[in-house]
Amino acid sequence: MDSLLHAIPVNGVYLPDFPWRCRYPREEWIIENVKWKSEKKLESLPRPIAVCGPSGSGKSTLLKRFLAEYKDYVDFSISHTTRKPRPNEIDGKDYHFVSREDMEKAIANGEFLEHAEFSGNIYGTSKNAVKQILKNGKLCILDVEMVGVKNLKKTDLNPKFIFVKTPSIEVLEERLRNRNTESEESLQKRLARAKEELVYGGTPGNFDLVLVNDDLEEAYRQLKEFLLPDIEGLKRRMYH
Ligand code: ADP
Ligand code: 5GP
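Residues numbered from 1 in each chain as written. Chains lettered and ligands numbered in written order. Predicted model: local features only at pLDDT ≥ 70, side-chain atom pairs only at ≥ 80, totals over all residues.

The protein chain is annotated in an unreviewed UniProt entry as guanylate kinase of Araneus ventricosus.

Here is the structure:
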């Protein structure tokens, strides 16, 4: 698996863009951050967050809310996919929707940090998507399925891993059906994959946090509780 760091061309350090809210003049901000980074390097940035869970478990619902609430500090890594957009999805916002041919070429060209086949389509995280977020000094959030999680564990990205699940497979099926986005064939493929993912998600040590998305408010509260220390750290860095 390729290294993300080789894709970051700032002398091996992440340099955030100057945040408008920072009290320092730009030069001081840069000096402080370069010093801070050269001393502590990667450990100084909040570790990215990779969110996994069966299709229909509520990842997008939870993440969209979190991203809207903390938009100054957090950004979503927009994946590439060969799947067709759903009616409410926007190219470049929900995904970069691409042809299989273009995706395969880009993968062969080393542009992806990880990629996987899921339900008949390729999904992948481009190095560029993650790089831009890290350069801006924001907390980077990724939404990846199980193979993606396994592949990310082989890179130097060093994310924290969150697994989201429903209280039962029956509830998962009901939510997927009610979402009304999948054909029966796609729904069955997703449910079959969910069974494997639930085993992986339930294996101790694979995830830093397992969220049961039963009551949405409670699941969101737990997600926030887990992520707020990183947000507080970013706030301190930006304001002081
Ligand atoms: P994923 O991104 O994991 O595929 P979604 O966020 O699209 O899942 O959620 C699947 C469906 O379940 C959506 O229609 C969403 O509105 C609904 N949903 C999400 N969380 C809950 C919840 N806690 N209770 C009931 N419905 C939920
Ligand atoms: P959906 O088609 O429902 O949007 O996504 C299907 C699955 O693909 C979900 O489990 C989601 O987590 C996963 N996924 C989305 N983007 C990526 C990605 O960049 N890499 C990998 N490996 N999986 C992804």
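## Structural notes on the overall build of the protein chain
Across its full length, the protein chain holds eight helices and nine strands. Burial analysis of the protein chain (240 residues in total) assigns 34% to the buried set. Across the protein chain, every contact between residues at least 6 apart in sequence was considered, and the portion connecting residues at least 24 apart equals 69%. (Helix = DSSP H or I, 4+ residues; strand = E, 2+ residues; numbered from the N terminus. Buried ≥ 20, exposed ≤ 12 C-beta atoms within 10 Å, placed from the backbone. Contact = placed C-beta atoms within 7 Å.)

## Regarding the sheet that holds strand 5 (residues 112-118)
Note: strands within a sheet are paired through backbone hydrogen bonds, in either parallel or antiparallel orientation. The strand order 4-3-6-5 describes an open sheet built from four strands, whose pairing is mixed. Of all the strands in the sheet, the pair left with one neighbour each is strand 4 (96-97) and strand 5. Alignment of strand 5 against strand 6 (residues 121-126), held across six bridges, turns out to be antiparallel. Among the inter-strand pairings, Glu-117 is bridged to a residue of strand 6, identified as Ile-122. (Pairing = 2+ DSSP bridges.)

## Notes on the UniProt feature "coiled-coil region" (unreviewed entry) in the protein chain
UniProt feature "coiled-coil region" (unreviewed entry): in the numbering of this structure it lies at residues 169-197. Between the end C-alpha atoms of residues 169-197 there is a gap of 11 Å, over a span that is 86% helix and 0% strand. (UniProt positions renumbered as here; feature names shortened; annotations may be inferred.)

## Observations regarding the site of ligand 2
In the vicinity of ligand 2 lie 14 residues, with Ser-79, Ala-116, Tyr-123, Glu-145 and Gly-148 positioned nearest. Breaking the shell around ligand 2 down by element, the ones donating at least two residues are strand 5, strand 6 and helix 5 (146-152). Among the residues forming the shell around ligand 2, the class breakdown is five nonpolar, five polar and four charged. (Near = placed C-beta within 6 Å. Nonpolar A, V, L, I, M, F, W, Y, C, P; charged D, E, K, R; others polar.)

## Description of helix 7 (residues 184-201)
With 18 residues, helix 7 ought to run about 26 Å at 1.5 Å a step, and its terminal C-alpha atoms sit 25 Å apart, in line with that. For helix 7, the complete set of buried residues consists of Arg-190, Ala-194, Glu-197, Leu-198 and Gly-201. The inward-facing, buried residues of helix 7 abut helix 5, strand 8 (160-165), helix 6 (169-179) and strand 9 (209-212). (Expected span 1.5 Å × (residues − 1).)

## A few points about the site of ligand 1
Residues in close proximity to ligand 1 total 14 residues, the closest being Gly-58, Lys-59, Ser-60, Thr-61 and Leu-216. Those elements giving two or more residues to the shell around ligand 1 turn out to be helix 2 (59-69), helix 6 and helix 8 (216-239). Classifying every residue of the shell around ligand 1 by side-chain character gives two nonpolar, nine polar and three charged.

## Structural notes on the environment of Pro-159
Of note, Pro-159 is situated in the loop between helix 5 and strand 8. Residue Pro-159 is classed as buried on the basis of its C-beta count, with 21 C-beta atoms lying within 10 Å. Taking the C-alpha atoms as reference, Pro-159 lies 9.8 Å from Asp-208; in sequence the two are 49 residues apart. Apart from residues lying up to four places away in sequence, Pro-159 is in contact with Arg-47, Pro-48, Ile-49, Ala-50, Leu-142 and Leu-152.

## Here we look at unusual backbone geometry
Positioned with a positive phi, Ser-119 is a non-glycine residue whose angle comes to about 50°. Following the sequence through the fold, Ser-119 ends up in the loop between strand 5 and strand 6. C-beta crowding within 10 Å serves as the criterion here: with 17 such atoms nearby, Ser-119 is assigned to the partly exposed category. If you check the backbone angles, Asn-180 has positive phi at about 65° while not being a glycine. With respect to the helices and strands, the residue Asn-180 is situated in the loop between helix 6 and helix 7. Given 8 C-beta atoms within 10 Å, Asn-180 falls into the exposed group.

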